[in-house]
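If you want the building blocks of each chain, they are given just below.
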Amino acid sequence: MKKTALKQTCTPLLAASAAFFYALPGLAGVDQFGAYGDDKLAESPQNMAVELRVGQYLPDVDEEFGGSAQPFKDHFGGKNRWLFGLELDWQLLRLPGIGSLGPAFGIGYTNLKSKDYYDPVTDPDREAAAESSTLKILPMYGVAVVRIDALAAHTPVPLAFYGKAGIGYGLWWARYAESLDVANDVKANDTSWGTNWALGVSLLLDAFDHRAANNMDASNGINNSYFFLEWYNSDLSGFGHSSTMQIGDSTWTTGIAFEL
Amino acid sequence: MTSLLPSSLRHLSLGLLLTVALCLSGETARAQSGLKPTIQRIDTTQITREQPLREANKLPYWVSRADCLADDVITFRIQVTTPNTDNFEVWAGPNDCSQTVQRQGDQASCWLVYSSGLTRSPADVPIHARDLAAQNTPVDGATGVAGTESDCNTQKHLTIGLYFMYINDSGQISSNVIQFSGTGVDLEGPPTPEITDVLPSDTRLIVNWNTTNATEFAGYRIYCEKVASTATSGSGLTLLDGAVVDAAALPDGSSTGANPLDAAALPIGDGGSSLDASNQTGDAGGSTSNGCGGTQLIEGQLPSSKLLCGEESAYTATTGYAKKLKNGQAYAIGITAVDNLGNESVLSNVECNSPREVYTFFEDYRQAGGGGGGGFCALARPNPRSPHDWSWLGLLALGACLKLRRINN
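Residues numbered from 1 in each chain as written. Chains lettered and ligands numbered in written order. Predicted model: local features only at pLDDT ≥ 70, side-chain atom pairs only at ≥ 80, totals over all residues. Heavy atoms only, no water.

(A) Examining the overall build of chain B more closely. Helix and strand counts for chain B come out as six helices and 19 strands. Carbon and sulfur atoms form 52% of the exposed surface of chain B, whose accessible area is close to 20,200 Å². (Helix = DSSP H or I, 4+ residues; strand = E, 2+ residues; numbered from the N terminus. Areas by Shrake-Rupley, 256 points an atom, 1.4 Å probe, with all protein chains shown as cover.)

Here is the structure:
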């Protein structure tokens, strides 16, 4: 008797609860199990992008001499070095379904170890010195960035394209014997100005795991994440000025980008 | 007679006599009551030394070899309640010197480092570093025997305590005993490092060595001595192994003989070392050659601080630099290890080489006509006629972006 009464009371309550929760897909949120709810409603505002960059780098220092000398190659060889960088983009203008446009600032760092010599450059058999000097470069740039993500937004192809153009600026300094190197009373540190432009393609990683992408957005505000490949030209030759060391390079770089 | 005095004066005289009598009786009573002197705990802020006090983490109240050689004196400011005329003594030892057996007899391990009357408080009690190092136990003399310079040249590492006490005529302790345990004697340097090679660099030499694995360690010191050399073209200098120093052979005309090194050419001078040439245990400065033609740096001896030309403080370091040397000049190089008290090991093996000019990237770059360099503030002016001047592109893009955003909103 009691069992029947309980069943009669509980059945409608359970049914009502199930119907209520079933009707809740629009109330997006996130809990310890991840994001839930409608994808559209879960998406957070998007204003910027962050790029973590790594690529090979070999500054075109010898370009300054037009083939008459190659001090850079003599000391550093022709092997590329690694340059690590960070770029912050402000997506000032969002064109939904098309892309974004805005300014960006990037900075990188590379350190090159020189092979130095006991003998002058005129000696054909230069003896390598026991101690090396180093050349450190901190390239920076301020560019305008156009990102076109229409293809990724409207088709199954998860690719976006972008272009960057602006000015480049770099700091460099050479050290020897635990201090700044000096040659004929000239200190081995300086700055270089120039241009910077780049073309790249990004692979939208969200396409491979929508659920993980939703979780990242709901919990961290990361709208999209990309793997990118970029070719860039950094011409830091002082806009043609003769007293500037060309520390720029034309090279490939890759990395991960997050739109926030 | 007293009756002739006015009554007021009589009363005053009686009062004075009574006061004097009371005072005398009080002193006698106090002396007869046997009040023991009470020595107060040692206040470390009141300890002074003739030698500079080391930092707190470098055993400031210990005695190093340099302290001993300098005949340093550690002075304690002692506070005593009711001091008396018994003898005030300070005993040093590794064991409890308040025990009579540790101060007297064949088994005694403590030694007397101070003995004098102390009837006023506060009072300064000077303890001589050499007396601490000497370990002259009562077997050597019950009243204590002063340490000498020769006591500084023994190899010794000893943690000791100082015991402050009054001793009466019968040789018994007549006060409380205060122990000060923050001291010791360390006359030993760390193990001697071994130089593996000395390589030339620009106005300096790169010195590589094997680490000493010392348990107590503060750094390494590098010593340089100018030696004679003959120049050879191309590869630099050939050293005269074992040759007698020849003034004419020195390119800068340095004086030779007892002190062939030009001390003024060495930047560090004698500031770092605690030892002086006159205190060397060996026969430095004599006719012994160090294998590079020099006579000042001899393996196994203590070098003169005047020859110091480099230091390295990292425990794990195996490389250091002899700095601010002259290119083309040959130098004999030796190193020592130093502990926290400044005790140095004896000199390592002696190697020789000459600093050489090094052509770095920047030097070759400038020599080739490169225009870069001169400081971060030496900004280059852009050439207005340059065909590569595209800086306006960035500004244009930013302006367009702002405009479009305004239209969108």
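Okay, back to it.
(B) A look at the state of the cysteines. Residues and elements named next belong to chain B. For the structure on display, the rule yields four disulfides over all chains. Each disulfide pairs two cysteine sulfurs, and for Cys224 the partner residue is Cys309, the sulfurs being separated by 1.7 Å. Given an S-S torsion of about 70°, the disulfide between Cys224 and Cys309 has right-handed geometry. Remark: Cys309 occurs in strand β16 (residues 308-312) and Cys224 occurs in strand β13 (residues 219-227); sequence separation between them is 85 residues. Judged by its relative accessible area of 0%, Cys309 is buried. The partner cysteine of Cys292 in its disulfide is Cys352, sulfur to sulfur 2.2 Å. Between Cys292 and Cys352, the disulfide has an S-S torsion of -85° and is therefore left-handed. Of the two residues, Cys292 is situated in the loop between β15 (236-239) and β16 and Cys352 in strand β19 (residues 351-353); the sequence distance between them amounts to 60 residues. For the residue pair Cys292 and Cys352, the accessibility class agrees, reading buried in each case. Of note for chain B: the bonded cysteines, numbered N- to C-terminal, pair according to 1-4, 2-3, 5-7, 6-8. (Disulfide = S-S within 2.5 Å. Buried < 20%, exposed > 50% of the residue type's maximum accessible area, 1.4 Å probe, protein only.)

(C) Region of the structure containing the environment of Ile333(B). Residue and element names in this part refer to chain B. Within the secondary structure, Ile333 sits in strand β18 (residues 330-338). Look at Ile333 and you get buried, because its relative accessible area is 0%. Separated by 109 residues in sequence, Ile333 and Cys224 have C-alpha atoms that sit 4.8 Å apart. Those residues within four positions of Ile333 in sequence are excluded, and the remaining contacts are Ile195, Val198, Leu205, Val207, Ile222, Tyr223, Cys224, Leu297, Ala322, Asn349, Val350 and Glu351. (Contact = heavy atoms within 4.5 Å.)

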